[in-house]
Amino acid sequence: MNVPTQEPIIEIDAISKSFGDFQVLKGLSMKVMPGEKLALIDPSGSGKTTILRILMTLEGIDDGHIRIDGEELYHMPKNGTLVPASEAHLHRMRQKIGMVFQLFNLFPHKSVIDNITMAPMLTKGVSRADAEKRAMELLDMVGMADKAKAMPAQLSGGQKQRIAIARALALSPKIMLFDEVTSALDPELV
Ligand SMILES: Nc1ncnc2c1ncn2[C@@H]1O[C@H](COP(=O)(O)OP(=O)(O)OP(=O)(O)O)[C@@H](O)[C@H]1O
Ligand SMILES: [Mg+2]
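Not measured: the values here are computed from a predicted model.

**Points about the pairing of strand S8 (residues 175–178)**
A one-sided burial pattern is seen for S8, the buried positions being Ile-175 and Leu-177 and the unburied ones Met-176 and Phe-178. Inspection of the sheet shows strand S7 (residues 97–100) paired to S8 by four bridges, in the parallel sense. Of the residues in S8, the one forming a bridge with Gly-98 is Met-176.

Here it is as structure tokens:
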């Protein structure tokens, strides 16, 4: 993975973010290379979740630039300059990024396997047979193959978290964001 000419998959360039008059991020810059695994470790309230939410376009930025896979996230080129990104541009960019939240929101009325197959079938046009085959591989990977037919309410917190991880991986995003996702898992599973 140490090819010197390689482009970062994520490039954060001097971004700032405030909530009201409280500035959370002040000129933050960082890069993540393809294949790199980066952990953000910082005190509670320092802005880790905010950074992930910004990368998911759930929160905007006040200043700076973000490039994903060589393309501007919050800007797009128009007539030789960069203008704020349209909703269509954000939608297309979002397909490259998956996230597992601190509070994993499984669909409560859907079985485990349906939670995993729904998005690939609806957003990527994957057939049910292919989606279920991939879901079973992922469930096997997180040690939950025997719970495929269970409902989320029948699972423990750590089991729900593993399903949320499998669900996010089912969309094969280029970038996977995890927000304290291993906090409810046994150390052997992390
Ligand atoms: N929507 C919001 N409106 C106002 N303030 C917010 C909002 N979201 C986050 N904040 C504030 O921004 C700061 C950073 O929050 P964030 O959730 O990014 O922290 P964190 O580093 O993820 O913390 P933790 O380790 O506790 O999860 C906190 O002080 C928080 O209160
Ligand atoms: Mg957080």
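**Digging into the layout of surface pockets**
As a volume, the second largest pocket reaches approximately 670 Å³. Met-56, Ile-97, Gly-98, Ala-119 and Leu-171 are the residues nearest the centre of the second largest pocket, which is lined by 24 residues in total. Among the elements of the structure, helix H2 (87–94), S7, helix H3 (112–124) and helix H5 (157–169) are those that each provide at least two residues to the lining of the second largest pocket. Looking at the lining of the second largest pocket, the element that brings in the most residues is H3, giving six residues. Of the residues assigned to the lining of the second largest pocket, the class counts are 15 nonpolar, six polar and three charged. Mapped onto the domain boundaries, the lining of the second largest pocket takes at least three residues apiece from domain 1 (10–94) and domain 2 (101–173 + 180–190).

**Structural notes on the nonpolar core**
Ile-10, Ile-12, Leu-55, Ile-66, Ile-68 and Leu-177 are the most contacted members of the largest nonpolar core, which totals 25 residues. Every element with two or more residues in this core is listed here: strand S1 (10–19), strand S2 (22–32), helix H1 (48–55), strand S3 (63–68), H2, S7 and S8. Contact partners of Ile-68, with chain neighbours within four places excluded, come to Ile-9, Ile-10, Leu-55, Leu-73, Met-93, Lys-96, Ile-97 and Ile-175. Grouped together as the second largest cluster of nonpolar side chains are 19 residues, Val-142, Ala-148, Leu-155 and Ala-170 included.

**With respect to the sheet that holds strand S4 (residues 71–72)**
If you walk across this open sheet you meet the four strands as S2-S1-S3-S4, and the pairing is antiparallel. Strands with a single pairing partner mark the edges of an open sheet, and in this sheet they are S2 and S4. Judged from the five bridges that link them, S1 and S3 form a sheet pairing that is antiparallel. Within the sheet, the bridge partner assigned to Asp-13 lies in S3 and is His-65. Sheet strands in contact with H1 are S1, S2 and S3, and its direction is about 115 degrees off that of S1.

Basis of the calculations
Each residue is numbered by its place in its chain's sequence as written, counting from 1. Here the convention is simple: chains get letters from A, ligands get numbers from 1, in the order in which they are written. Since the coordinates come from a predicted model, pLDDT governs what is reported: local features require at least 70, and pairs of side-chain atoms require 80 or more to be given and counted, while whole-chain, interface and lining totals use all residues. Water and hydrogen atoms play no part in the side-chain values, which are based on all heavy atoms of the structure. Relative accessible area decides the class of each residue, using a 1.4 Å probe on protein chains only: under 20% of the type maximum gives buried, over 50% gives exposed, and in between gives partly exposed. Put simply, DSSP marks the helices as runs of H or I at least four residues long and the strands as runs of E at least two long, and each gets a number from the N terminus on. For two strands to count as paired, DSSP must find a minimum of two bridges between them. As defined here, a cavity is a set of points on a 1 Å grid over the protein atoms alone where a 1.4 Å probe fits but cannot get out. A pocket is an open set with protein on both sides within 12 Å along at least five of seven lines, and residues line them when an atom is within 4 Å of a point. Grid points are joined across faces, edges and corners, and a volume is the space filled by probe spheres set on the points. Residues are grouped as follows: Ala, Val, Leu, Ile, Met, Phe, Trp, Tyr, Cys and Pro are nonpolar; Asp, Glu, Lys and Arg are charged; every other residue, Gly included, is polar. For every domain, the bounds stem from an assignment made automatically or drawn from a database. As used in this record, nonpolar core signifies buried Ala, Val, Leu, Ile, Met, Phe, Trp, Tyr and Cys residues forming a set joined through side-chain atoms within 4.5 Å. Note on contacts: a residue pair qualifies if any of its non-hydrogen atoms lie within 4.5 Å across the two residues. Here an axis means a line fitted to C-alpha atoms, over the contact stretch when the element is a helix, while the angle between two N-to-C directions is reported on a 0 to 180 degree scale.

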